[in-house]
Amino acid sequence: DTPIMLLSTHHNTMIDVALLSSHVPSLRKGGKGEQGRRKLHYWAKSGLFKNPISNLILTSSGNIRVDRRRKGDNRSLFQGTFLALSKRQSIALFPEGGSFTRPCLTPLKSGAAWAALEFYCSQSLTEEEEEEEGKGVPSADHPRHPQADDSTSPSFKPRELTILPASIVYTDKSAYRSNVLLQFSKPIPLQPYTKHRIQRQEGSRRAVERLTREIEEALKSITINAPDWETWKAMVCAREMLW
């Protein structure tokens, strides 16, 4: 079992969350049905945790608090994410950064790529590389998750993380019981990005940009991307006439 980062399109707020949580593939050997399905942990804005009731609901359901104001402090921003991934749990993110009503994919934010590469590289650094990174001392640009020191344990193998793109396409998201299609793309390997990521600041940014582009291309390949609403409506009419 490897930790999973599921990256999905986002058009219908809580309905998207329910769909992903109830239909995520197990990705486990012999895993079937509810017993083989993993629990997804979602990022949630820190402001949603201020209310005691919503805080109880979000915390008990495994949501991860994210303070977007701390953009320069990756260690604090991704701490909850690293902790969940280090336990081989599954993270679900919406890289578009919000729920949108558009005929095409919204340009992706880079947060998901940053989190994936930070965690992946913290698991795969050798002792020599750790020494070059400051003898393993965490920094804002090269944090280590809370359980990085356990990466040599036989229960957790290094270089493990599965990025799984997913798309949710509605025929009419405002109509009750309208059709919806949930698709999963091929997992994205992270090995090609680690060389640039470990080469400090400039390399890290290049790796994140490349990975974000690959995630975006994967999502575009399993979604409908019309240039405008007129084209979208024409496509819907053609579909209804043909099928």
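Residues numbered from 1 in each chain as written. Predicted model: local features only at pLDDT ≥ 70, side-chain atom pairs only at ≥ 80, totals over all residues. Heavy atoms only, no water.

Tracing the backbone shows Gln183 in strand E6 (residues 180–184). Overall, the relative accessible area of 31% leaves Gln183 in the partly exposed class. As for Gln183 and Ser167, which are separated by 16 residues in sequence, their C-alpha atoms are 5.3 Å apart. Contacts of Gln183, omitting those with residues within four sequence positions, involve Pro165, Ala166, Ser167 and Ile222. Polar contacts involving the side chain of Gln183 include one to the main-chain carbonyl oxygen of Ile222, which spans 3.3 Å. (Helix = DSSP H or I, 4+ residues; strand = E, 2+ residues; numbered from the N terminus. Buried < 20%, exposed > 50% of the residue type's maximum accessible area, 1.4 Å probe, protein only. Contact = heavy atoms within 4.5 Å. Polar contact = N/O pair within 3.5 Å; in protein donor to acceptor, adjacent residues only side chain to side chain.)

Taken together, the 6 strands give an open sheet; going across it, the order is E3-E2-E4-E1-E5-E6, and neighbouring strands pair in mixed fashion. The open sheet has two edge strands, strand E3 (64–66) and E6, and neither has a second partner. Strand-to-strand twist in this sheet, taken as the mean axis angle between neighbours without regard to direction, amounts to 25°. Here strand E1 (residues 4–8) runs beside strand E4 (residues 90–93); their pairing, made up of 4 bridges, is parallel. Across the sheet, the residue bridging to Leu6 is Ala92, located in E4. Lying over the sheet, helix H1 (residues 13–23) contacts E1, strand E2 (40–45), strand E5 (162–170) and E6, oriented at roughly 125° with respect to E5. (Pairing = 2+ DSSP bridges. Axes fitted to C-alpha atoms, helices over the stretch in contact; angles between N-to-C directions.)

When we look at burial in H1, the residues that qualify are Asp16, Val17, Leu19 and Leu20. Seen from one end, H1 has its buried residues packed into an arc of 165°, which puts them on one side. Tucked inside the fold, the buried residues of H1 contact E1, E2, E5 and E6. (Arc of directions from axis to C-beta.)

Below, the discussion takes up the packing of aromatic side chains. Evaluated as defined, the whole model comprises 5 aromatic pairs. Here Tyr42 and Phe94 contribute two aromatic rings whose centre-to-centre distance is 6.1 Å and whose plane-to-plane angle is 20°, an arrangement assigned as stacked. Of this pair, Tyr42 sits in strand E2 while Phe94 sits in the loop between E4 and helix H6 (111–124), and the two are 52 residues apart along the sequence. Per residue, the accessibility class of Tyr42 equals that of Phe94, and both read buried. Centre to centre, the rings of Trp43 and Phe78 are 6.0 Å apart; their planes meet at 20°, and the pair counts as stacked. Of this pair, Trp43 sits in strand E2 while Phe78 sits in the loop between helix H4 (74–77) and helix H5 (79–86), and the two are 35 residues apart along the sequence. By relative accessible area, which is 28% here, Trp43 ends up partly exposed. These aromatic residues form a ring-pair network of at least three members: Trp43, Phe78, Phe82 and Phe119. (Phe/Tyr/Trp six-rings, centres within 6.5 Å; stacked < 30°, edge-to-face > 60°.)

Turning next to the confidence of the model for the protein chain. For the protein chain, the mean per-residue pLDDT works out to 79, and 74% of the residues sit at or above 70. Per-element mean pLDDT across the protein chain ranges from 49 in helix H7 (residues 127–132) up to 94 in E1. Within the model, pLDDT remains below 50 along residues 136–158, and this stretch shows 51 contacts once partners closer than five positions in the same chain are excluded. (pLDDT = per-residue confidence, 0-100.)

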